[in-house]
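# Structure assessment
Here is how the chains run, residue by residue.
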Amino acid sequence: MEKERVLFIYTRISTFIKGDLDILGKKFPVTTLVVDNSSKIKQAISITKEFFYLLFNILRYDVVYIWFADYHSFFPVLFSKLFRKKAYLVIGGYDVCRVKKWGYGSFSNPIRGFMTRYSITNASLNLCVSQYIERITRAISPFSKRKILYNGIVFSSDSGNCTENPHDSKEKLVLCVALSSTPQSFFIKGVDRFINAAKSLPDIPFTIIGINREKLSDLIGEVPANLKIIPKVEHRELEAYYKKASVYCQLSRKESFSLALAEAMYHNCIPVISNTGGMPEVTGGLGKTVSGYDVAETASAIKEAIESDTSCVFRERVEEKFTAKLREKELLNIL
């Protein structure tokens, strides 16, 4: 029996998108179609090319797999519906959000919102990365077909087993990973909250990774002596930080899942999170949860966490629910 042919569509590569590409590539012939959305002009050109590619090639494929609902998902879902192809749409978070203050989310623009809603409503199945995202997707399109498919972390072969007392290998360090190069992402990821927490705990070392300091210098302001700001690093280098940090802090204002949070927990970091989006699903009640709005509350939670002993319970939580193997098994069952 001939294997189903998959057309895989995305806008820019990331760890989780590459993960799905690898999974599908093991079982199916996969063709990728990249829609460049790095600027409005490039996006318009790419979507035009996408339209004509689909017009002449859709019949070659059995499955269309799309990461994120947005401008780039409209034509693939439309053509899939017209030609009775299966269209799987991964809903990652940005695509079902609207924060007018920061112009964040597909629904911050009416045309973009229409294309997103059409894609969600008419996809064969929407794969939601958390229960939180599934609830929002259901509210946007009650008659859409949905299934929760958690992100899965990929860890290196030298991650090792969890020791009886992982605290022994840890430093009293508070870590945050937040890829941010725009004012929008600066506030959505709660970078300002993390900086304020560092200022309120001058005796505790803080590190944040993924910040474009040059582009965000006006927003960052004066950096306290106990805070290191590091630009984006390779994943293997990031793992080294997870291994030595005692506490992982994510104070986002919007967060659909947080892969970095799951990765940090896998390396036995005690999580301190804002009560936002899918992050409470990831921690499952472990660690500390704060509102994010009160600096004193956040500082108190971080101080309690840094003085606590970490344990294997954080890794066990991730191994039970959020590994790449679990996502692979579930995704291949769906297809």
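Because the structure is a prediction, the values reported are computed rather than measured.

### Re helix H4 (residues 110–122)
Taking 1.5 Å as the rise per residue, H4 with 13 residues should run 18 Å; its terminal C-alpha atoms sit 18 Å apart, in good agreement. Within H4, the full set of buried residues consists of Arg 112, Gly 113, Met 115, Thr 116, Tyr 118, Ser 119 and Ile 120. Residues of H4 that are buried in the fold lie against helix H3 (71–82), strand E4 (86–91), strand E5 (125–128) and helix H5 (131–140). Structurally, the start of H4 carries an N-cap: the backbone nitrogen of Ile 111 is 2.9 Å from a side-chain oxygen of Asn 109.

### Quick word on the nonpolar core
Ranked by size, the top nonpolar core spans 106 residues in total, and within it Tyr 65, Leu 127, Val 174, Phe 206, Ile 208 and Tyr 248 carry the most contacts. Top element by residues in this core is helix H10 (residues 259–266). It accounts for seven residues. If near-sequence neighbours (up to four positions away) are discounted, Tyr 65 is found in contact with Val 6, Leu 7, Phe 8, Ile 9, Asp 20, Leu 24, Tyr 88, Val 90, Leu 127, Arg 327 and Leu 331.

### Here's the deal with a nonpolar patch on the surface
A cluster of nonpolar side chains, contributed by Phe 52, Leu 55 and Phe 56, occupies part of the molecular surface with about 330 Å² of accessible area. Among the structural elements, Leu 55 can be located in helix H2 (residues 40–57). Accessibility expressed as a relative area gives 38% for Leu 55, which makes it partly exposed.

### Structural notes on the sheet that holds strand E1 (residues 6–10)
Taken together, six strands build an open sheet; the order of strands is E2-E1-E3-E4-E5-E6 and the sheet is parallel. The sheet terminates laterally at strand E2 (30–34) and strand E6 (146–148), the two strands that pair on one side only. On average, each strand axis in the sheet is tilted by 20° relative to the strand beside it, whichever way the strands run.

### A short note on the pattern of salt bridges
If the charged atoms of two oppositely charged side chains come close together, the side chains can form a pair. Overall, the coordinates contain twelve salt bridges when judged by the stated rule. Glu 328 serves as the salt-bridge partner of Lys 26, at 3.2 Å between the closest nitrogen and oxygen. Of this pair, Lys 26 sits in helix H1 (residues 15–27) while Glu 328 sits in helix H14 (residues 324–334); the two residues are 302 residues apart in sequence, bridging distant segments of the chain. Through salt bridges with shared partners, a single ionic network connects Glu 134, Arg 138 and Arg 146.

### Focus on the packing of helix H9 (residues 235–244) against H10
The N-to-C vectors of H9 and H10 enclose an angle of 55°; their axes lie 9 Å apart at closest approach. Viewed along their axes, H9 and H10 adopt a mutual orientation that is oblique. The crossing of H9 and H10 is right-handed. Contacts between H9 and H10 pair His 235, Leu 238 and Tyr 242 from the former with Ala 260, Glu 263 and Ala 264 from the latter. For the contact of H9 with H10, the residue count by class is four nonpolar, one polar and one charged.

### Notes on the packing of aromatic side chains
Enumeration according to the criterion identifies 17 aromatic pairs in this entry. Aromatic side chains Phe 16 and Trp 67 sit 5.0 Å apart centroid to centroid with 40° between the ring planes, which places their arrangement in the tilted category. With Phe 16 in helix H1 and Trp 67 in strand E3 (residues 63–67), the pair connects residues that are 51 residues apart, well separated along the chain. Judged by relative accessible area, Trp 67 falls into the buried class, the value being 1%. Both rings, one in Phe 74 and one in Phe 75, keep their centres 5.3 Å apart while their planes meet at 65°; by these two values the pair is edge-to-face. The class of Phe 74 is buried, set by a relative accessible area of 12%. Taken together, the ring pairs in this structure connect Phe 51, Phe 52, Phe 74, Phe 75, Phe 79, Phe 83, Phe 114 and Tyr 118 into an aromatic cluster. Its guanidinium or amino end placed over the ring of Tyr 293, Arg 193 lies 4.7 Å from that ring's centre, counting from NZ or CZ. One Lys or Arg, Arg 315, reaches over the ring of Tyr 266 and ends 4.0 Å from the middle of that ring.

### Let's talk about the pairing of E5
Across the two faces of E5 the burial is the same, with Leu 125 and Leu 127 and Asn 126 and Cys 128 all buried. Here E4 pairs with E5 via four bridges, running parallel. In the strand pairing of E5, Leu 89 is matched with Asn 126. For the segment spanning E4, H4 and E5, crossover handedness is right-handed. Taken together, E5, H5 and E6 constitute a β-α-β crossover, and its handedness is right-handed.

### Quick look at H3
In terms of residue burial, H3 counts as a mostly covered element, since nine of its twelve residues are buried. For H3, every residue scored as buried is listed here: Tyr 71, His 72, Ser 73, Phe 74, Phe 75, Pro 76, Val 77, Phe 79 and Ser 80. Residues of H3 that are buried make contact with E1, H2, E3, E4 and H4. After H3 finishes, the residue Arg 84 shows a positive phi value of roughly 55°.

What counts, and where the lines are drawn
Residues numbered from 1 in each chain as written. Predicted model: local features only at pLDDT ≥ 70, side-chain atom pairs only at ≥ 80, totals over all residues. Heavy atoms only, no water. Helix = DSSP H or I, 4+ residues; strand = E, 2+ residues; numbered from the N terminus. Expected span 1.5 Å × (residues − 1). Buried < 20%, exposed > 50% of the residue type's maximum accessible area, 1.4 Å probe, protein only. Contact = heavy atoms within 4.5 Å. Polar contact = N/O pair within 3.5 Å; in protein donor to acceptor, adjacent residues only side chain to side chain. Core = buried A, V, L, I, M, F, W, Y, C linked by side-chain atoms within 4.5 Å. Patch = residues over 30% accessible without salt bridge, like charges linked within 9 Å, V, L, I, M, F, W, Y side chains within 5 Å. Areas by Shrake-Rupley, 256 points an atom, 1.4 Å probe, with all protein chains shown as cover. Salt bridge = Lys/Arg side-chain N within 4 Å of Asp/Glu carboxyl O. Pairing = 2+ DSSP bridges. Axes fitted to C-alpha atoms, helices over the stretch in contact; angles between N-to-C directions. Parallel < 35°, antiparallel > 145°, perpendicular 65-115°, else oblique. Left-handed = near helix turned anticlockwise from the far one by under 90°. Nonpolar A, V, L, I, M, F, W, Y, C, P; charged D, E, K, R; others polar. Phe/Tyr/Trp six-rings, centres within 6.5 Å; stacked < 30°, edge-to-face > 60°. Lys NZ or Arg CZ within 6 Å of the ring centre and 35° of its normal. Right-handed = clockwise from strand over helix to strand, strands pointing away.

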